[in-house]
Amino acid sequence: QVQLVESGGGLVQAGGSLRLSCAASGRTFSSYAMGWFRQAPGKERDVVAAISWSGRNTYYADSVKGRFTISRDNAKNTVYLQMNSLKAEDTAIYYCAAQFRPLAYTYDVDSPNYWGQGTQVTVSS
């Protein structure tokens, strides 16, 4: 079992920055690819970014490329999402997810084994 706890959400003005954190406990964190998803009101939950357990390989949705950066610290069992140049359309609940991916380069989190409870990000225009 892996427990995921997100933090770092909040209210920020457009153009501002936030850093989300997701702390994992339980099974071996380094065997899991990690992803950040978001869900805005009335919309589906979509992947924003993902990272392999090694940290070598990453994925970003087109809408956040060049603005968001995903990273992880396996020694601290934590994955981060640095969000810069935030826009009103980034407003959503952000979720952390983990999927067992023992290969070092695989970042796909298409069927997560575990989810966090979510953290609200609100960007005012």
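Our subject is the structure that appears above.
### Thoughts on the sheet that holds strand E3 (residues 18–26)
- The four strands are arranged E1-E3-E8-E7 in an open sheet whose pairing can be described as antiparallel. A strand with exactly one partner marks an edge of an open sheet, and here the two such strands are strand E1 (2–7) and strand E7 (68–73). Pairwise comparison of adjacent strand axes, ignoring direction, gives a mean angle of 15° for this sheet.
- As paired strands, E7 and strand E8 (residues 78–83) are joined by six bridges and run antiparallel to one another.

### Concerning the pattern of salt bridges
- Here the structure, examined in full by the defined rule, presents four salt bridges.
- A salt bridge links Arg-38 to Asp-90; the shortest N-O distance between them is 2.9 Å. Of the two residues, Arg-38 sits in strand E4 (residues 32–39) while Asp-90 sits in the loop between E8 and strand E9 (92–100), which places them 52 residues apart along the sequence. As far as burial versus exposure is concerned, Arg-38 and Asp-90 are alike and both buried.

### Some words on the state of the cysteines
- In this structure the tally under the stated criterion is one disulfide.
- Covalently, Cys-22 is tied to Cys-96 through a disulfide, its sulfur atoms 2.1 Å apart. Because the torsion about its S-S bond is -80°, the bridge between Cys-22 and Cys-96 counts as left-handed. Residue Cys-22 is found in strand E3, and its partner Cys-96 is found in strand E9; the two are separated by 74 residues along the sequence. Neither Cys-22 nor Cys-96 differs from the other in exposure class; each is buried.

### Describing the nonpolar core
- Formed by 31 residues in total, the largest nonpolar core has its most connected members in Leu-4, Met-34, Trp-36, Val-79, Leu-81, Met-83 and Tyr-94.
- Counting only elements with at least two residues in this core, the list comes to E1, E3, E4, strand E5 (46–51), E7, E8, E9 and strand E11 (119–124).
- Not counting residues up to four positions away in its chain, the partners in contact with Val-79 are Leu-20, Ser-21, Cys-22, Phe-29, Met-34, Trp-36, Ile-51, Ile-70, Ser-71, Arg-72 and Cys-96.
- Of all hydrophobic cores here, the second largest spans six residues; its members include Ala-33, Ala-50, Ala-97 and Val-109.

### Some points on the layout of surface pockets
- Computed from the structure, the largest pocket encloses a volume of approximately 200 Å³.
- Every residue lining the largest pocket is counted, 15 residues in all, and those nearest its centre are Arg-38, Ala-40, Lys-43, Asp-46 and Glu-89.
- Taken together, the elements giving at least two residues each to the lining of the largest pocket come down to E4 and E5.
- Of the residues that constitute the lining of the largest pocket, the class distribution is six nonpolar, three polar and six charged.

Conventions we followed
Residues numbered from 1 in each chain as written. Predicted model: local features only at pLDDT ≥ 70, side-chain atom pairs only at ≥ 80, totals over all residues. Heavy atoms only, no water. Pairing = 2+ DSSP bridges. Helix = DSSP H or I, 4+ residues; strand = E, 2+ residues; numbered from the N terminus. Axes fitted to C-alpha atoms, helices over the stretch in contact; angles between N-to-C directions. Salt bridge = Lys/Arg side-chain N within 4 Å of Asp/Glu carboxyl O. Buried < 20%, exposed > 50% of the residue type's maximum accessible area, 1.4 Å probe, protein only. Disulfide = S-S within 2.5 Å. Core = buried A, V, L, I, M, F, W, Y, C linked by side-chain atoms within 4.5 Å. Contact = heavy atoms within 4.5 Å. 1 Å grid on protein atoms, 1.4 Å probe; cavity = no way out; pocket = protein on both sides within 12 Å on 5 of 7 lines; lining within 4 Å. Points joined across faces, edges and corners; volume = space filled by probe spheres on them. Nonpolar A, V, L, I, M, F, W, Y, C, P; charged D, E, K, R; others polar.

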